[in-house]
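Secondary and tertiary structure notes
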Amino acid sequence: MDSLLKHMVDMTGHRDHTMLDISVISAVQELAAASQTRVLALTTVRGQVFVRSRAIIVAGSVARMEEHTDPTLPGEPLSDYPALAACIARHEASADTLCADGRHLLWLPIWIGDQVTTCLEITNPTPYTGATIQVIGGIVSVYRNFQNLLDYSERDSLTGLLNRKTFDDQLAKILQSRGEPEADKPRPVDEERRHHTDTERQWLAVIDVDHFKLVNDKFGHLYGDEVLILIANQLQSSFRSQDRIFRFGGEEFVVLLRSITLENAQKIIDRFRTNVEAHDFPQVGRVTVSVGFVSINAYEAPVIILGRADQALYYAKSHGRNLACHYDELVAKGLLTTITSNDTAEFF
């Protein structure tokens, strides 16, 4: 009982999905004496559901987040897990199966309403007793409720996208994980604007709805809100499942794109921009967006990275709108000139 309470306190003490995942599989691993426990993420790509391991713990080791050799791939098709697929189709609370090697797999989908985006997978040499499953079920219920609370605190109430505070936190984590130096640590001049290899690159795109004030003035704020919701839907359908999408405030959105080349970044952003342009917005008709984007450099402060994307966005909006502009390309062509910069600001 003391161990169970300790794990419950640990799980509910986090304000971060990553640490919550680590806590829940650590709790299940210890209390159920499992040989392996995983958190699986379920994502839908073009109507097909994929399964991908997000966190794992193996008996005798510590829990860790999974690292994938190709983060652009969505994972394995759900059809490769027939028992889990049937469980989800029937909206059941659990499913178990016996593998060919004698292992028992227990799946526990995390239902949020009628949606499942997360599932616990527990591997054990023998089947579990009813009492053990009851304990695991209690842990899963706390995990589900607290995950729901974290989602609520991290998301924009109108569009359902991640909010500004979550963006600040996630950009800081990206910079930290990529080896951001201390603010007062001197940096060699040639490292100020170093370029990562294609597989290391991450990108930040700032998106603004063109002439949004005119939409509100002409059609009213209810139609303006509907435009923002439909733009959010276009963002979610145009970008990949591993890309992070945020409503930054007002009619401005931000996207963090991971591990892709400049050419692919431009292609994905342009796909979103043209999808918006081709969409028929009820009552309003045609709406366009302007985009500015930049490569994320771990040796620079978040305010500078965001400021560069904003400068590219401003260029797009002042040169016809409905454009996607890359900051470094504008600088290389002499269309933007960086005059001076310091750790907190950059001037043009």
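Conventions adopted
Here the residue index of a chain counts from 1 through its sequence in written order. Where totals are concerned, whole chains, interfaces and linings use all residues; where local detail is concerned, this predicted model gives features only for residues with pLDDT of at least 70, and gives and counts side-chain atom pairs only at 80 or more. Water and hydrogen atoms play no part in the side-chain values, which are based on all heavy atoms of the structure. UniProt positions are given in the numbering used here, feature names are shortened, and annotations may be inferred rather than shown by experiment. To pair, rings of Phe, Tyr and Trp, with the six-membered ring standing in for Trp, must have centres within 6.5 Å; the planes then decide the type, stacked if under 30 degrees apart, edge-to-face if over 60, and tilted in the middle. Only DSSP runs of H or I with at least four residues qualify as helices, and only runs of E with at least two residues qualify as strands; both kinds are numbered from the N terminus onward. Burial status follows relative accessibility: with a 1.4 Å probe on protein chains alone, a residue under 20% of its type maximum counts as buried, one over 50% as exposed, and anything between as partly exposed. Counted as salt bridges are all cases of a side-chain nitrogen of Lys or Arg within 4 Å of a carboxyl oxygen of Asp or Glu. The pairing criterion for strands is at least two bridges between them, as found by DSSP. The angle between two axes is taken between their N-to-C directions and runs from 0 to 180 degrees, where each axis is a line fitted to C-alpha atoms and a helix contributes only its stretch in contact. Two residues qualify as a contact provided that any one of their heavy atoms is within 4.5 Å of a heavy atom in the partner residue.

- Per an unreviewed UniProt entry, the protein goes by the name diguanylate cyclase and belongs to Janthinobacterium violaceinigrum.
- According to its UniProt record, the protein has this under Catalytic activity (unreviewed entry): "2 GTP = 3',3'-c-di-GMP + 2 diphosphate".

Notes on the packing of aromatic side chains
- Inspection of every chain in the model, using the stated rule, returns five aromatic pairs.
- For the pair Phe239 and Phe272, a centre-to-centre distance of 5.7 Å together with 40 degrees between the ring planes defines the contact as tilted. Within this pair, whereas Phe239 is found in the loop between helix 7 (221-238) and strand 9 (244-249), its partner Phe272 is found in helix 8 (residues 262-278), the two being separated by 33 residues in sequence. Phe272 matches Phe239 in its accessibility class, with the two residues each being buried.
- A connected cluster of aromatic rings, assembled from ring pairs, spans Phe167, Phe246 and Phe248.

So, the pattern of salt bridges
- Under the defined criterion, the tally for this structure stands at 15 salt bridges.
- Across the pair Arg64 and Glu66 runs a salt bridge, and its minimum N-O distance is 3.2 Å.
- For Arg64, a relative accessible area of 44% gives the class partly exposed.
- Take Glu66: its relative accessible area is 21%, and that puts it in the partly exposed class.
- Here Asp270 makes a salt bridge to Arg273, at a shortest N to O gap of 3.3 Å. You can see Asp270 and its partner Arg273 sitting in helix 8, three residues apart, about one turn around the helix.
- For Asp270, a relative accessible area of 22% translates into the label partly exposed.

Remarks on unusual backbone geometry
- Although it is not a glycine, Gln283 adopts a positive phi angle of roughly 70 degrees.
- Residue placement: Gln283 occurs in the loop between helix 8 and strand 11 (289-295).
- By relative accessible area, Gln283 is classed as exposed at 53%.
- The phi dihedral of Asn322 is positive, around 50 degrees, even though this residue is not glycine.
- For Asn322, the position within the fold is in the loop between helix 9 (302-318) and strand 12 (324-326).
- Exposure remark for Asn322: the relative accessible area of 13% places this residue in the buried category.

Focus on the sheet that holds strand 10 (residues 252-258)
- Strand order across the open sheet formed by five strands is 9-10-8-11-12, with mixed pairing between neighbours. For this open sheet the edge positions go to strand 9 and strand 12, each flanked by a neighbour on one side alone. The sheet shows a mean angle of 20 degrees between the axes of neighbouring strands, taken without regard to direction.
- Pairing between strand 8 (residues 202-209) and strand 11: seven bridges, direction antiparallel. Bridged to Val206 within strand 11 is Gly292.
- Sheet contacts for helix 8: strand 8, strand 10, strand 11 and strand 12; angle to strand 11, the most-contacted strand, approximately 165 degrees.

Notes on the pairing of strand 8
- Of all eight residues that make up strand 8, eight are buried, and the element is covered over most of its length.
- The side-chain alternation of strand 8 yields two buried faces, one formed by Gln202, Leu204, Val206 and Asp208 and the other by Trp203, Ala205, Ile207 and Val209.

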